[in-house]
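Read off the chains here:
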Amino acid sequence: MALLTGFNKINTAIFISGTGSNLKSLIKFSKLKKSPITIGMIISNNPKSKGLKYAKINKIKKKVFNFNSTKSEKKVINKLKKDNINLICLAGFMKILSKEFIKNFNGKILNIHPSLLPKYKGLNTHVKAIKNKDKYSGCTVHLVNSKLDSGKIIDQKKVRINKLDTPETLAKKILVQEHKLYPEAIIKLLNL
Ligand code: GRF
């Protein structure tokens, strides 16, 4: 894929809003010798994101932008371009990016979503899966386009829903799989 040039690792930005457990797993992955990515920047829309602590621990640049206006988004675009960011991984990032933003990084933005897309786009995926008595749920990594949770699916992992599962227990089980899926999906994307 065009993203992979020579032997250089792909300079990647991770966007977060909260806990950052996917960020943590992506940082671990980026440090492996075989990893195709290096993490150049962590961006959050929320100054209180717990995940921002991983920036300091791992000596990665962090930036907070509110993403509330075209002007704020433009600042993000400029920062990413200035730093030669070539891949963006949304990891629990709770803002919807504008068409303009996506156009600037077309085919280079990934998102992780806690359901087996195309089922259950948007929020409260675990509540919906349990309410519908689904036997399985899971997680999906997909490319981001201008429609919510609708871009090309790169990879998925399935999780069995047990009778006793609550949205909370299911979320925990799926999160464990998310941490495995995101690195695998990045490798898959780069080999497409
Ligand atoms: C994950 O379940 C992700 O799929 C969803 O938000 C959660 C973020 O978790 N979009 P974390 O911040 O990576 O721990």
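The structure reproduced in this document is the subject of the present report. As the structure is a prediction and not an experimental result, all values here were calculated from the model.

Remarks on the site of the ligand
Neighbouring the ligand are Thr19, Gly20, Ser21, Asn22, Gly92, Ile112, Pro114, Leu175 and Glu178. Here Ser21 contributes a side-chain N or O atom positioned 2.5 Å from an oxygen atom of the ligand. The contact in question runs from an oxygen atom of the ligand to an N or O atom on the backbone of Asn22, over 2.9 Å. If the ligand stood free it would expose 360 Å²; the protein chains cover 81% of that surface. When atoms are counted within 2 Å of each cavity's grid points, the one that captures over half of the ligand is the largest pocket. Breaking the shell around the ligand down by element, the ones donating at least two residues are α1 (21-30) and α6 (167-191). When grouped by side-chain class, the residues that make up the shell around the ligand number three nonpolar, five polar and one charged.

Here's the deal with the pattern of salt bridges
The final tally for this structure, using the stated rule, is seven salt bridges. For Lys157, the salt bridge goes to Glu184, with nearest N and O atoms at 3.1 Å. Of the two residues, Lys157 is situated in strand β7 (residues 153-160) and Glu184 in helix α6; the sequence distance between them amounts to 27 residues. Of the residues examined, Lys157 reaches a relative accessible area of 19% and is grouped as buried. On the accessibility criterion, Glu184 (37% relative accessible area) is partly exposed. Through salt bridges with shared partners, one network takes in Lys61, Lys79 and Asp83.

Regarding the pairing of strand β2 (residues 37-44)
Across the eight residues that make up β2, a large majority, six, are buried. Since strand β1 (residues 10-16) and β2 lie parallel, the crossover through α1 that links them has a hand, and here it is right-handed. Of the pairings in the sheet, the one linking β2 to strand β3 (residues 61-64) comprises four bridges and is parallel in character. Note that in β3 the partner of Ile42 across the bridge is Lys62. Assessed by its sense of winding, the connection that carries the chain from β2 through helix α2 (residues 53-58) to β3 is right-handed.

Structural notes on unusual backbone geometry
With an omega of 10°, the peptide bond between Leu117 and Pro118 qualifies as cis. Within the secondary structure layout, Pro118 lies in the loop between β5 (109-113) and α5 (125-131). In this structure, Asn84 is a non-glycine residue whose phi angle is positive, near 55°. Positionally, Asn84 belongs in the loop between α3 (70-82) and β4 (87-90). Residue class for Asn84 comes out exposed when judged on its relative accessible area of 56%. If you check the backbone angles, Tyr120 has positive phi at about 55° while not being a glycine. Structurally, Tyr120 can be placed in the loop between β5 and α5. For Tyr120, a relative accessible area of 14% puts it in the buried group.

About the thresholds
- Residues numbered from 1 in each chain as written.
- Predicted model: local features only at pLDDT ≥ 70, side-chain atom pairs only at ≥ 80, totals over all residues.
- Heavy atoms only, no water.
- Near = heavy atom within 4 Å.
- Polar contact = N/O pair within 3.5 Å; in protein donor to acceptor, adjacent residues only side chain to side chain.
- Areas by Shrake-Rupley, 256 points an atom, 1.4 Å probe, with all protein chains shown as cover.
- 1 Å grid on protein atoms, 1.4 Å probe; cavity = no way out; pocket = protein on both sides within 12 Å on 5 of 7 lines; lining within 4 Å.
- Sits in = over half its atoms within 2 Å of the grid points.
- Helix = DSSP H or I, 4+ residues; strand = E, 2+ residues; numbered from the N terminus.
- Nonpolar A, V, L, I, M, F, W, Y, C, P; charged D, E, K, R; others polar.
- Salt bridge = Lys/Arg side-chain N within 4 Å of Asp/Glu carboxyl O.
- Buried < 20%, exposed > 50% of the residue type's maximum accessible area, 1.4 Å probe, protein only.
- Right-handed = clockwise from strand over helix to strand, strands pointing away.
- Pairing = 2+ DSSP bridges.

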